[in-house]
Amino acid sequence: MHTSKPHPKTKRAFTLIELLIVIAILGLLMGVTTQMLSSASQTQGKARAKADMAVIATALEAFSQQYGGYPRLNEAKDPETAATQLFRCLTGRMVLRVKDNRISMTPVDPVRKPFIDALKFNLRDKKDITSNSVDPSKDTVFLADPWDEPYQYYYDTSSVAGALETEWKSPSFILLTKGADK
C-alpha cells in the first residue's frame, strides 16, 4: 500500500505591493471625498450669503419706504460698528430723521416694528466675536455672513438732504460680503 504524504497547507497572505496599492486607493478616495465636502460647504455658504443679502436688501427698501431714505451710516469707522448700526436700523431701534434739511440716524425707544427677523440670521457680538449665543438686544450685535464677518453696507453719508457736494452718485446702496476667502 502506497501512502502519499499530505501536502502541507500553504498560508496565503497579502504581499507588500498589494497592501500598498490598497492604501493608495484609500488615500485617493479620502482626498476626493474631502475635496467634494469642501466644495459643498463653500457652495452652501455662498447660497446662504446670497439669501441673507436678499432679505437685508428687501428690509433696506422697506426702511427707505417708511423713513424716506436708506440708513446713513458712517463707514469710516470700523466695519463692525457700521454693521451694528445697520442691525439697529433693521431691527427697529434706530430711525432716519430729517429736520431743517439735516439728516440724522436716531436711536428710538420704544423699539419700532423690525424690518427683519434677527433670529433667522447668523448674529455676532462685536465684543465677543467667537460666541454663538448672542443676545440680539445688545447694542454691539451685527448680522454676520456664513464666515462670521459683518455684511458691509455702503450708502451716502452726507448729513444734508439733497446736498450737491456729495460724492455718492448712485440712487441705491451697496451691500456686500467679503466671502470665504475674506
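Residues numbered from 1 in each chain as written. Predicted model: local features only at pLDDT ≥ 70, side-chain atom pairs only at ≥ 80, totals over all residues. Heavy atoms only, no water.

Tallying secondary structure elements over the protein gives two helices and six strands in all. Starting at the N terminus and ending at the C terminus, the protein contains elements arranged as α-α-β-β-β-β-β-β. Based on the C-alpha atoms only, the size of the protein along its principal axes is roughly 125 × 35 × 25 Å. Each of the 182 residues in the protein was classed as buried or not, and the buried ones make up 36%. For the protein, restricting intrachain contacts to residue pairs at least 6 apart in sequence, the fraction spanning at least 24 positions comes to 57%. For the protein, the accessible area works out to roughly 12,500 Å², and carbon and sulfur atoms hold 59% of it. One way to put it: in the protein the 24 positive side-chain charges average out to a point 9 Å from where the 20 negative ones average out. (Helix = DSSP H or I, 4+ residues; strand = E, 2+ residues; numbered from the N terminus. Buried < 20%, exposed > 50% of the residue type's maximum accessible area, 1.4 Å probe, protein only. Contact = heavy atoms within 4.5 Å. Areas by Shrake-Rupley, 256 points an atom, 1.4 Å probe, with all protein chains shown as cover. Lys, Arg positive; Asp, Glu negative; His and termini not counted. Charge placed at Lys NZ, Arg CZ, Asp CG, Glu CD.)

This brings us to the side chain of Thr140. Within the element layout of this structure, Thr140 appears in the loop between strand E3 (122-125) and strand E4 (141-144). Beyond its immediate stretch of four places on either side in the chain, Thr140 contacts Thr84, Arg124, Asp125, Lys126 and Lys127.

Here we come to helix H2 (residues 79-90). Across its twelve residues, H2 extends 16 Å between first and last C-alpha, which sits within 8% of the 16 Å expected from 1.5 Å per residue. Buried residues dominate H2, accounting for ten of its twelve residues. Within H2 the residues assigned to the buried category are Thr81, Ala82, Ala83, Thr84, Gln85, Leu86, Phe87, Arg88, Cys89 and Leu90. Along its buried surface, H2 packs onto helix H1 (16-67), strand E1 (94-99), strand E2 (102-107), E3, E4 and strand E5 (152-154). In the segment just after H2, Gly92 is the residue with positive phi, at about 80°. (Expected span 1.5 Å × (residues − 1).)

Further remarks concern H1. Taking 1.5 Å of rise per residue, the 52 residues of H1 would be expected to cover 76 Å, and the 76 Å separating its terminal C-alpha atoms lies within 8% of that figure. Gly45, Ala49, Asp52, Met53, Ile56, Ala59, Leu60, Phe63, Ser64 and Tyr67 are the residues of H1 that are buried. Where H1 is buried, its residues meet H2, E1, E2, E4, E5 and strand E6 (174-176).

Per the counting criterion, the structure on display carries five salt bridges. Of the charged contacts in the structure, one is a salt bridge between Arg48 and Asp52, with a shortest N-O distance of 3.0 Å. Of the two residues, Arg48 and Asp52 both sit in helix H1, four residues apart, roughly one turn of that helix. Of the residues examined, Arg48 reaches a relative accessible area of 37% and is grouped as partly exposed. For Asp52, a relative accessible area of 6% translates into the label buried. (Salt bridge = Lys/Arg side-chain N within 4 Å of Asp/Glu carboxyl O.)

Turning our eyes to something else, we now look at the packing of aromatic side chains. The tally for this structure, following the rule as stated, stands at six aromatic pairs. Taken together, a centroid distance of 4.8 Å and an interplanar angle of 50° make the contact between Phe63 and Tyr67 tilted. Of this pair, Phe63 and Tyr67 both sit in helix H1, four residues apart, which is roughly one turn of that helix. In this pair, the class of Phe63 matches that of Tyr67, namely buried. Taken together, a centroid distance of 5.1 Å and an interplanar angle of 75° make the contact between Tyr70 and Tyr155 edge-to-face. Of this pair, Tyr70 sits in the loop between H1 and H2 while Tyr155 sits in the loop between E5 and E6, and the two are 85 residues apart along the sequence. In this structure Tyr70 comes out as buried when scored by relative accessible area, which is 7%. Tyr155 gets classed as buried once you look at its relative accessible area, which sits at 14%. Feature note: the residues Tyr70, Tyr153, Tyr155 and Phe173 constitute an aromatic cluster, connected by ring pairs. (Phe/Tyr/Trp six-rings, centres within 6.5 Å; stacked < 30°, edge-to-face > 60°.)

So, on to the pairing of E1. Pairing of E1 with E2 involves six bridges; the strand directions are antiparallel. The residue bridging Val95 from the neighbouring strand is Thr106, located in E2. (Pairing = 2+ DSSP bridges.)

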